[in-house]
Amino acid sequence: MPKAAKTNKSKKISKKIADRKKNPLFVKEAKNFRIGNDVQPKRDLSRYVRWPRYILLHRQKKILLQRIKVPAAIHQFSKTLDKNQSSKVYSLLKKYSPETKTEKKQRLIKAAEQKTQNQKPDSKKVNVLKFGLNHVTTLVETKKAKLVLIAYDVDPIELVVWLPQLCRRQEVPFAFVKNKARLGALVHQKTATCVALTEVRKEDQAEFDNLARDLRQHYNENHELLRTIGGGQVGIKSRHQQEALKKALELEELKKTSQ
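About the criteria used
- Residues numbered from 1 in each chain as written.
- Predicted model: local features only at pLDDT ≥ 70, side-chain atom pairs only at ≥ 80, totals over all residues.
- Heavy atoms only, no water.
- Pairing = 2+ DSSP bridges.
- Helix = DSSP H or I, 4+ residues; strand = E, 2+ residues; numbered from the N terminus.
- Contact = heavy atoms within 4.5 Å.
- Axes fitted to C-alpha atoms, helices over the stretch in contact; angles between N-to-C directions.
- Buried < 20%, exposed > 50% of the residue type's maximum accessible area, 1.4 Å probe, protein only.
- Arc of directions from axis to C-beta.
- Phe/Tyr/Trp six-rings, centres within 6.5 Å; stacked < 30°, edge-to-face > 60°.

**Q** Honestly, the sheet that holds strand 2 (residues 147-151) in this entry has me stumped. Any pointers?
**A** The strand order across the open sheet formed by four strands is 1-4-2-3, and the pairing between neighbours is mixed. Because the sheet does not close on itself, it has two edges, and the strands there are strand 1 (130-131) and strand 3 (174-177). Here strand 2 pairs with strand 3 via four bridges, running parallel. In the strand pairing of strand 3, leucine 149 is matched with alanine 175. The sheet contacts of helix 9 (residues 205-220) involve strand 2, strand 3 and strand 4 (194-197), and relative to strand 3 the element is tilted by about 80°.

**Q** Just checking my understanding: could you explain helix 6 (residues 133-141) for this structure?
**A** Residues that lie three or four places apart on an α-helix share one face, since the helix turns once every 3.6 residues. Looking only at helix 6, the buried set comprises Leu133, Val136, Thr137, Leu139 and Val140. Viewed end-on, helix 6 has its buried residues packed into an arc of 165°, placing them on one side of the element. Packed against the buried residues of helix 6 are strand 1, strand 2, helix 7 (163-169) and strand 4. In the segment just after helix 6, lysine 143 is the residue with positive phi, at about 60°.

**Q** Help me understand the packing of aromatic side chains in this model?
**A** Between two aromatic rings, the relevant description is the distance of the centres plus the angle of the planes. Under the definition given, this model contains four aromatic pairs. Taking the centre distance of 4.6 Å and the plane angle of 40° together, the rings of phenylalanine 77 and phenylalanine 176 count as tilted. Placement of the pair is phenylalanine 77 in the loop between helix 3 (72-75) and helix 4 (83-93) and phenylalanine 176 in strand 3, with a sequence separation of 99 residues. Aromatic pair phenylalanine 176 and tyrosine 219: ring centres 5.5 Å apart, planes at 85°, arrangement edge-to-face. You can see phenylalanine 176 sitting in strand 3 and its partner tyrosine 219 sitting in helix 9, a full 43 residues away along the chain. Following the ring pairs from residue to residue traces out a cluster consisting of Phe77, Phe174, Phe176 and Tyr219.

What follows is the structure in C-alpha cells.
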C-alpha cells in the first residue's frame, strides 16, 4: 500500500518546534550514566544488597523485640544512660582502667632492678576497675563494689538478667550502658559484660558522689523499671489499617450526629 502523505498540520507543528528559540540560561543537557561520565543517582540499596547473616539476625531480633511482649526484667536493659550521663561515667572510670601489658612489663622490670640493688620495691595498692562476671558478683555480694556498669547487649541475656536485682538488694548503685565493646575497652578487653569500681581517690570523691546519687534515682529507686513491659508495637502496615478503620468509624459517627 502507498504511504500516507503527511498532513499540513503535522508540518506546521514540526516547523514551530524548529523555530522555537532556546533560552541560553536553561540549556537542557542529557545525562550520560555510562562508565567515566555522570555520577549515578542515589538509590535505596537495602532491598538489593545481600547482607551478612549476623546483620539479618540482629535486625530480625530488633523487630521481634518490638512486636512481642518483653518482660520488665529484660525490658529494663533497654533503658541505658543517655549520651551526657554516659560521657561523665566513662570519663571518671577511664582514670581507673587497669594497666596494659607494656605498663605491667615496665613495672616488673623496675621491681626486679630495685630487688637487685637491695631496695624495697613499691608495693602500693592500685585502685583499678574490676571485671569478669563472677568477680563482680562476689564484689556486689560482699558489698565491696561501689559502682557497677552492666552492658545492655549481653547475649544470652540470662547471664546478667539477675545482676540488677542483686545490686538493688545490696544497695550498690548500677547502670545499663551501651555497649559491651565499650566496657571492654575500659579494661583492655575485646568485650566485658560488666565492670565494678571498688575504691575512689579523694580528688574524685565529690564527682563520684554526684554520679552515684543520680544512678540510684534512675535505677535502684526507680520502681517503674520493674513494672513497664516492653514490646507490643504493631508493624507499619497494621498501623495504617488501624488508622484507616479509626477514620471510617469517626466518619460514621459524624454522619449519625449530623442526621
